[in-house]
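One-letter residues, chain by chain:
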Amino acid sequence: SVSQAASQADQLLLFAFLGPVQIAGYAIAIAPAEQIKHLLGGINTLLLPRFSNYSQGEIRKSLVYKGLLLLIMTTSIVAVYILSAPFLFAMLFPHYVEYVFFSQIFSLSLLNVFFVPCLIFLQAHSHIKAQYYINTITSVLQIVFMAVGIFFYGLVGLVVARIITRFITGLISFFYAFRVSAT
(Lines give C-alpha, C1' and ligand atoms only; values in the text may rest on other atoms or scores of the structure.)
Protein backbone atom coordinates (compact mmCIF):
# COMPACT_ATOMS: atom_id res chain seq x y z
CA SER A 1 0.00 0.00 0.00
CA VAL A 2 0.97 3.63 -0.34
CA SER A 3 1.29 4.15 3.43
CA GLN A 4 3.71 1.21 3.72
CA ALA A 5 5.80 2.64 0.89
CA ALA A 6 5.80 6.05 2.55
CA SER A 7 6.99 4.57 5.85
CA GLN A 8 10.04 3.08 4.16
CA ALA A 9 10.67 5.81 1.59
CA ASP A 10 12.91 7.84 3.89
CA GLN A 11 15.42 4.98 4.16
CA LEU A 12 15.43 4.30 0.42
CA LEU A 13 15.73 7.96 -0.54
CA LEU A 14 18.50 8.55 1.99
CA PHE A 15 20.44 5.59 0.66
CA ALA A 16 19.96 6.67 -2.95
CA PHE A 17 20.91 10.33 -2.44
CA LEU A 18 23.20 10.45 0.60
CA GLY A 19 24.49 6.94 1.31
CA PRO A 20 24.45 4.43 4.17
CA VAL A 21 26.30 6.58 6.72
CA GLN A 22 23.49 9.15 6.65
CA ILE A 23 20.93 6.37 7.17
CA ALA A 24 22.61 5.40 10.43
CA GLY A 25 22.81 9.00 11.63
CA TYR A 26 19.19 9.62 10.65
CA ALA A 27 18.01 6.49 12.46
CA ILE A 28 19.81 7.59 15.63
CA ALA A 29 18.52 11.17 15.27
CA ILE A 30 14.84 10.25 14.99
CA ALA A 31 14.88 7.35 17.47
CA PRO A 32 14.28 9.39 20.66
CA ALA A 33 11.29 11.26 19.23
CA GLU A 34 9.87 8.05 17.78
CA GLN A 35 10.17 6.37 21.19
CA ILE A 36 8.43 9.29 22.88
CA LYS A 37 5.72 9.08 20.20
CA HIS A 38 5.19 5.41 21.02
CA LEU A 39 4.92 6.22 24.72
CA LEU A 40 2.31 8.85 23.91
CA GLY A 41 0.50 6.20 21.85
CA GLY A 42 -1.18 5.10 25.07
CA ILE A 43 -3.42 8.12 24.61
CA ASN A 44 -5.13 6.23 21.78
CA THR A 45 -5.87 3.34 24.11
CA LEU A 46 -7.39 5.68 26.67
CA LEU A 47 -9.43 7.89 24.34
CA LEU A 48 -10.77 5.35 21.84
CA PRO A 49 -13.25 3.63 24.20
CA ARG A 50 -14.36 6.96 25.67
CA PHE A 51 -14.94 8.46 22.23
CA SER A 52 -16.94 5.39 21.19
CA ASN A 53 -19.42 5.97 24.03
CA TYR A 54 -20.29 9.57 23.16
CA SER A 55 -22.11 11.14 20.25
CA GLN A 56 -20.16 12.85 17.52
CA GLY A 57 -21.50 16.25 18.59
CA GLU A 58 -20.39 15.75 22.20
CA ILE A 59 -16.91 14.71 21.16
CA ARG A 60 -16.57 17.52 18.65
CA LYS A 61 -17.15 20.05 21.43
CA SER A 62 -14.14 18.73 23.35
CA LEU A 63 -11.67 17.99 20.52
CA VAL A 64 -9.87 21.34 20.67
CA TYR A 65 -9.74 21.27 24.48
CA LYS A 66 -8.32 17.73 24.54
CA GLY A 67 -5.86 18.65 21.81
CA LEU A 68 -4.66 21.69 23.76
CA LEU A 69 -4.15 19.61 26.91
CA LEU A 70 -2.07 17.11 24.96
CA LEU A 71 -0.14 19.93 23.29
CA ILE A 72 0.73 21.55 26.63
CA MET A 73 1.91 18.23 28.06
CA THR A 74 3.92 17.34 24.96
CA THR A 75 5.45 20.81 24.65
CA SER A 76 7.07 20.39 28.04
CA ILE A 77 8.36 16.93 27.08
CA VAL A 78 9.78 18.31 23.83
CA ALA A 79 11.40 21.26 25.61
CA VAL A 80 13.08 18.95 28.12
CA TYR A 81 14.26 16.71 25.31
CA ILE A 82 15.66 19.59 23.24
CA LEU A 83 17.62 20.85 26.24
CA SER A 84 18.89 17.42 27.26
CA ALA A 85 19.62 16.00 23.78
CA PRO A 86 23.24 17.24 23.58
CA PHE A 87 24.03 15.52 26.90
CA LEU A 88 22.15 12.34 26.00
CA PHE A 89 23.90 12.04 22.67
CA ALA A 90 27.30 12.70 24.26
CA MET A 91 26.67 9.88 26.74
CA LEU A 92 24.75 7.36 24.63
CA PHE A 93 25.81 8.07 21.05
CA PRO A 94 29.21 9.79 21.17
CA HIS A 95 29.92 8.93 17.53
CA TYR A 96 26.72 10.63 16.42
CA VAL A 97 26.83 13.97 18.26
CA GLU A 98 26.70 15.79 14.91
CA TYR A 99 23.11 14.51 14.59
CA VAL A 100 21.86 16.19 17.78
CA PHE A 101 20.52 19.16 15.83
CA PHE A 102 18.50 16.88 13.53
CA SER A 103 17.12 15.05 16.55
CA GLN A 104 16.13 18.29 18.23
CA ILE A 105 14.37 19.51 15.10
CA PHE A 106 12.60 16.19 14.58
CA SER A 107 11.30 16.24 18.16
CA LEU A 108 9.14 19.21 17.11
CA SER A 109 7.07 16.74 15.09
CA LEU A 110 5.67 15.49 18.40
CA LEU A 111 3.74 18.73 18.71
CA ASN A 112 1.25 17.40 16.18
CA VAL A 113 -0.22 15.57 19.20
CA PHE A 114 -2.80 18.37 19.18
CA PHE A 115 -4.49 16.55 16.29
CA VAL A 116 -4.50 13.07 17.87
CA PRO A 117 -8.03 13.41 19.31
CA CYS A 118 -9.30 14.13 15.79
CA LEU A 119 -7.74 10.95 14.42
CA ILE A 120 -9.10 8.93 17.33
CA PHE A 121 -12.54 10.46 16.81
CA LEU A 122 -12.55 9.32 13.18
CA GLN A 123 -11.48 5.85 14.24
CA ALA A 124 -13.96 5.58 17.13
CA HIS A 125 -16.91 6.49 14.93
CA SER A 126 -15.81 4.33 12.00
CA HIS A 127 -15.23 7.07 9.46
CA ILE A 128 -13.31 4.62 7.28
CA LYS A 129 -13.53 6.70 4.12
CA ALA A 130 -12.04 9.76 5.84
CA GLN A 131 -9.26 7.64 7.36
CA TYR A 132 -8.53 6.15 3.94
CA TYR A 133 -8.33 9.60 2.32
CA ILE A 134 -6.10 10.92 5.09
CA ASN A 135 -3.71 7.96 4.85
CA THR A 136 -3.54 8.04 1.06
CA ILE A 137 -3.15 11.80 0.66
CA THR A 138 -0.54 12.17 3.39
CA SER A 139 1.42 9.10 2.28
CA VAL A 140 1.76 10.47 -1.24
CA LEU A 141 2.66 13.92 0.10
CA GLN A 142 5.22 12.39 2.46
CA ILE A 143 7.01 10.60 -0.38
CA VAL A 144 7.03 13.74 -2.54
CA PHE A 145 8.15 16.05 0.27
CA MET A 146 10.88 13.65 1.38
CA ALA A 147 12.24 13.24 -2.16
CA VAL A 148 12.28 17.01 -2.76
CA GLY A 149 13.67 17.69 0.73
CA ILE A 150 16.52 15.21 0.42
CA PHE A 151 17.34 16.21 -3.13
CA PHE A 152 17.62 19.93 -2.37
CA TYR A 153 18.54 20.04 1.33
CA GLY A 154 19.91 16.64 2.30
CA LEU A 155 19.20 15.28 5.74
CA VAL A 156 17.71 18.50 7.09
CA GLY A 157 15.30 18.48 4.15
CA LEU A 158 14.18 14.97 5.07
CA VAL A 159 13.64 15.89 8.71
CA VAL A 160 11.66 19.01 7.82
CA ALA A 161 9.62 17.06 5.24
CA ARG A 162 8.64 14.51 7.90
CA ILE A 163 7.59 17.29 10.29
CA ILE A 164 5.55 19.08 7.62
CA THR A 165 3.85 15.84 6.60
CA ARG A 166 2.85 15.07 10.19
CA PHE A 167 1.29 18.50 10.58
CA ILE A 168 -0.52 18.21 7.25
CA THR A 169 -1.90 14.85 8.41
CA GLY A 170 -3.11 16.54 11.57
CA LEU A 171 -4.70 19.44 9.73
CA ILE A 172 -6.52 17.13 7.34
CA SER A 173 -7.76 14.97 10.22
CA PHE A 174 -8.94 18.12 12.01
CA PHE A 175 -10.85 19.15 8.89
CA TYR A 176 -12.45 15.72 8.51
CA ALA A 177 -13.31 15.42 12.20
CA PHE A 178 -15.30 18.62 12.09
CA ARG A 179 -16.69 18.04 8.63
CA VAL A 180 -18.01 14.52 9.24
CA SER A 181 -19.28 15.22 12.72
CA ALA A 182 -21.20 18.26 11.54
CA THR A 183 -23.22 16.17 9.09
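Predicted model, so just to flag it, every value in this text is computed and none were measured. (Residues numbered from 1 in each chain as written. Predicted model: local features only at pLDDT ≥ 70, side-chain atom pairs only at ≥ 80, totals over all residues. Heavy atoms only, no water.)

### Here we look at the overall build of the protein
The cut-off we apply is this: Strands are runs of DSSP state E lasting at least two residues, helices are runs of H or I lasting at least four, and both sets are numbered from the N terminus onward. The reference for a compact globule is 2.2 Å times residues^0.38; the radius of gyration itself is calculated from the C-alpha atoms.
Scanning the protein for helices and strands turns up seven helices and zero strands. Helices and strands appear in the protein in the N-to-C order α-α-α-α-α-α-α. For 183 residues, the compact-globule estimate of 2.2 N^0.38 gives 16 Å, and the protein sits close to it at 17 Å. The dimensions of the protein, computed from C-alpha atoms along their principal axes, are 50 × 35 × 20 Å.

### Quick look at the packing of helix α2 (residues 20–40) against helix α4 (residues 56–92)
For clarity, the threshold we go by: Note on method: axes are straight lines fitted to C-alpha atoms, helices fitted across the in-contact stretch only, with angles between N-to-C directions ranging 0 to 180 degrees. In this scheme the handedness of a crossing depends on how the near helix is turned from the far one: anticlockwise by less than a right angle means left-handed, clockwise means right-handed. Two residues qualify as a contact provided that any one of their heavy atoms is within 4.5 Å of a heavy atom in the partner residue. Asp, Glu, Lys and Arg are counted as charged, while Ala, Val, Leu, Ile, Met, Phe, Trp, Tyr, Cys and Pro are counted as nonpolar; the rest, among them Gly, fall into the polar class.
Packing of α2 against α4 brings their axes to within 12 Å, and their N-to-C directions diverge by 150°. The interaxial crossing formed by α2 with α4 has right-handed handedness. Residues Ile28, Ala29, Pro32, Ile36 and Leu40 of α2 form the contact with α4, whose own contacting residues are Met73, Thr74, Ile77, Tyr81 and Phe89. The residue makeup of the contact of α2 with α4, split by class, is nine nonpolar, one polar and no charged.

### A word on the environment of Thr45
Here is the rule: Whether a residue is buried, partly exposed or exposed follows from its accessible area with a 1.4 Å probe, protein chains only, as a fraction of its type maximum: under 20%, in between, or over 50%, in that order.
Structurally, Thr45 can be placed in helix α3 (residues 42–52). Judged by its relative accessible area of 60%, Thr45 is exposed. With 75 residues separating them in the primary sequence, Thr45 and Ile120 have C-alpha atoms 9.4 Å apart.

### Re the packing of aromatic side chains
Selection rule: Each pair of aromatic rings taken from Phe, Tyr and Trp, with Trp reduced to its six-membered ring, is defined by centres within 6.5 Å and is described as stacked if the planes are under 30 degrees apart, edge-to-face if over 60, and tilted in the remaining cases.
As enumerated under the stated definition, the model contains 14 aromatic pairs in all. Both rings, one in Phe101 and one in Phe102, keep their centres 6.0 Å apart while their planes meet at 65°; by these two values the pair is edge-to-face. With centroids separated by 6.4 Å and ring planes inclined at 25°, the aromatic side chains of Tyr133 and Tyr176 adopt a geometry described as stacked. The partly exposed category is assigned to Tyr133, whose relative accessible area is 34%. One aromatic cluster in this structure is built from Phe17, Phe151, Phe152 and Tyr153.

### Focus on the pattern of salt bridges
For clarity, the cut-off: Any carboxyl oxygen of Asp or Glu that lies within 4 Å of a side-chain nitrogen of Lys or Arg is treated as forming a salt bridge with it.
A full pass over the atoms with the stated rule returns three salt bridges. Among the ionic pairs, Glu34 bridges to Arg162, the shortest N-O distance being 3.2 Å. Residue Glu34 is located in helix α2, and its partner Arg162 is located in helix α7 (residues 128–182); the two are separated by 128 residues in the primary sequence.

### Quick look at helix α5 (residues 100–107)
The element α5 is extensively covered by neighbouring structure, given that seven of its eight residues are classed as buried. Among the residues of α5, Val100, Phe102, Ser103, Gln104, Ile105, Phe106 and Ser107 are the ones counted as buried.

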